[in-house]
Amino acid sequence: MTDDLFSIEGKTAVVTGGSRGIGLMIARGYVDAGAKVYISSRNAEVCNEVAVELSKNGECISVPADLGGTEGVDHLAAELGAREDHLDILVNNAGAAWGAPMEEFPEAGWDKVMNLNVKSVFFLTVKLLPLLRKAATQEDPARVINIGSVDGLRVPEMLNYAYSASKAAVHMLTRHMAHHLVKENITINAIAPGPFPSKMTKFIFDMGEDVVASTVPMGRVGHPDDVAGTAIYLASKAGSYLTGTIIPVGGGVATA
């Protein structure tokens with residue numbers, strides 16, 4: 001019974017930004033758990049290489065796309081529509097960060113971060129609603145999982161104004177869309193990760209993992225299983241009665 005409760009075997013999932021960082025951790029977890037996983041990334045070469053690697057343990061398909069603009073969103077949605085007749089799980093993970101002092105923060109940085117972190121989440125979800133609706137039932141809803149951040153729940157020390165604002169927006173967008181789609185048997189929840197080693201957080205981890213871990217109440221940084229396990233839970237039968245929730249996965253950072 002427990003195995004069935006947390007099973008996503010046979011489900012079809014999309015993980016944006018799935019070629020590195022948090023997205024790769026989730027994509028690998030889904031593939032290992034028996035899901036058919038599509039990953040997207042702006043870098044086609046890396047996306048293709050990662051899909052080949054993950055396919056050694058299951059089925060992973062690369063659909064490169066730059067989701068920072070409507071053309072990339074449309075392309076990904078069209079490719080998925082041409083290949084699948086339904087979609088069980090959408091993980092909106094693709095994101096960008098930009099740090100600069102307040103008086104030097106460029107408009108281009110705001111636009112890049114907001115377009116990818118917030119705008120693409122909304123419009124890709126909307127574009128994929130027809131596929132999500134076909135997978136949705138009352139007992140087993142279709143799932144949308146947005147990747148926010150603990151920096152959207154607290155005031156961070158880093159000068160990443162656009163990033164923290166964008167993640168707070170993702171959290172509210174999650175609640176708002178969940179409210180309107182719940183009657184269609186589509187759940188929308190968000191994961192708010194804390195410090196996990198990735199290319200995006202490299203500048204922080206360059207100080208040393210022990211230094212980063214010292215800022216976390218639990219005394220360690222995130223492991224791949226921490227975020228993959230949460231994403232599997234939200235996509236499985238165990239998580240079928242949750243919608244509009246924001247789950248911090250940061251070792252107590254958001255509540256300290």
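The structure displayed is predicted, hence computed values, not measured ones.

The rules behind these values
- Residues numbered from 1 in each chain as written.
- Predicted model: local features only at pLDDT ≥ 70, side-chain atom pairs only at ≥ 80, totals over all residues.
- Heavy atoms only, no water.
- Salt bridge = Lys/Arg side-chain N within 4 Å of Asp/Glu carboxyl O.
- Helix = DSSP H or I, 4+ residues; strand = E, 2+ residues; numbered from the N terminus.
- Buried < 20%, exposed > 50% of the residue type's maximum accessible area, 1.4 Å probe, protein only.
- Pairing = 2+ DSSP bridges.
- Right-handed = clockwise from strand over helix to strand, strands pointing away.
- Bend = angle between axes of the 7 residues up to and from the residue.
- Contact = heavy atoms within 4.5 Å.
- 1 Å grid on protein atoms, 1.4 Å probe; cavity = no way out; pocket = protein on both sides within 12 Å on 5 of 7 lines; lining within 4 Å.
- Points joined across faces, edges and corners; volume = space filled by probe spheres on them.
- Nonpolar A, V, L, I, M, F, W, Y, C, P; charged D, E, K, R; others polar.
- Axes fitted to C-alpha atoms, helices over the stretch in contact; angles between N-to-C directions.
- Parallel < 35°, antiparallel > 145°, perpendicular 65-115°, else oblique.
- Left-handed = near helix turned anticlockwise from the far one by under 90°.

Draft legend 1. The arrangement of the pattern of salt bridges in detail. As enumerated under the stated definition, the model contains nine salt bridges in all. The residue E53 makes a salt bridge to R28 at a minimum N-O spacing of 2.7 Å. Linking E53 in helix α3 (residues 44–54) with R28 in helix α2 (residues 21–32), this pair joins segments that are 25 residues apart in sequence. What makes E53 partly exposed here is its relative accessible area of 37%. Relative accessible area serves as the criterion here: at 31%, R28 is assigned to the partly exposed category. The salt bridge involving R143 is made with D140; its shortest N-O contact spans 2.9 Å.

Draft legend 2. Main features of the pairing of strand β2 (residues 36–40). Taking burial as the measure, the five residues of β2 include four buried ones, the bulk of the element. Across five bridges, strand β1 (residues 12–16) lies against β2 in parallel orientation. Paired with A13 across the two strands is V37, which belongs to β2. Once you follow β1 into α2 and on to β2, the crossover reads as right-handed. Across four bridges, β2 lies against strand β3 (residues 59–62) in parallel orientation. Within β3, the position partnered with Y38 by the bridge is I61.

Draft legend 3. A look at the environment of D111. Relative to the elements of secondary structure, D111 occurs in helix α5 (residues 107–127). Given the relative accessible area of 38%, D111 is considered partly exposed. Taking the C-alpha atoms as reference, D111 lies 9.4 Å from G68; in sequence the two are 43 residues apart.

Draft legend 4. Spotlight on the pairing of strand β5 (residues 142–147). Taken across its six residues, β5 has six buried, putting it largely inside the fold. Burial along β5 is two-sided: A142, V144 and N146 facing one way and R143, I145 and I147 facing the other are all buried. Where strand β4 (residues 89–92) lies against β5, four bridges are found, and the strand directions are parallel. Within β5, the residue paired with N92 across the bridge is N146. Pairing of β5 with strand β6 (residues 186–193) involves six bridges; the strand directions are parallel. Bridging from a neighbouring strand, I147 pairs with I191 of β6. On the question of chirality, the crossover connecting β5 to the parallel β6 by way of helix α7 (residues 161–181) is right-handed.

Draft legend 5. Here's a closer look at α5. The largest bend in α5 comes to about 40°, at S120. Residues of α5 that are buried include every one of G109, V113, L116, N117, V118, S120, V121, L124 and T125, and no others. Among the structural elements, β1, α4 (70–83), β4, α6 (129–135), β5 and α7 are those in contact with the buried residues of α5.

Draft legend 6. View of the layout of surface pockets. Roughly 270 Å³ of volume is contained in the second largest pocket. Around the second largest pocket, the lining residues are Q138, E139, P141, V182, N185, I186, T187, K237, S240, Y241, L242 and T243. Residues of the lining of the second largest pocket, tallied by class, amount to five nonpolar, five polar and two charged.

Draft legend 7. Structural view of the packing of α2 against α3. Closest axis-to-axis distance for the α2/α3 pair is 10 Å, and the angle between their directions is 30°. Taken together, the axis directions place α2 and α3 in an arrangement best described as roughly parallel. As α2 runs across α3, the sense of the crossing is right-handed. Listed contacts from α3 to L24, A27, R28 and V31 of α2 are V50, E53 and L54. Looking at the contact of α2 with α3 residue by residue, the classes come out as five nonpolar, no polar and two charged.

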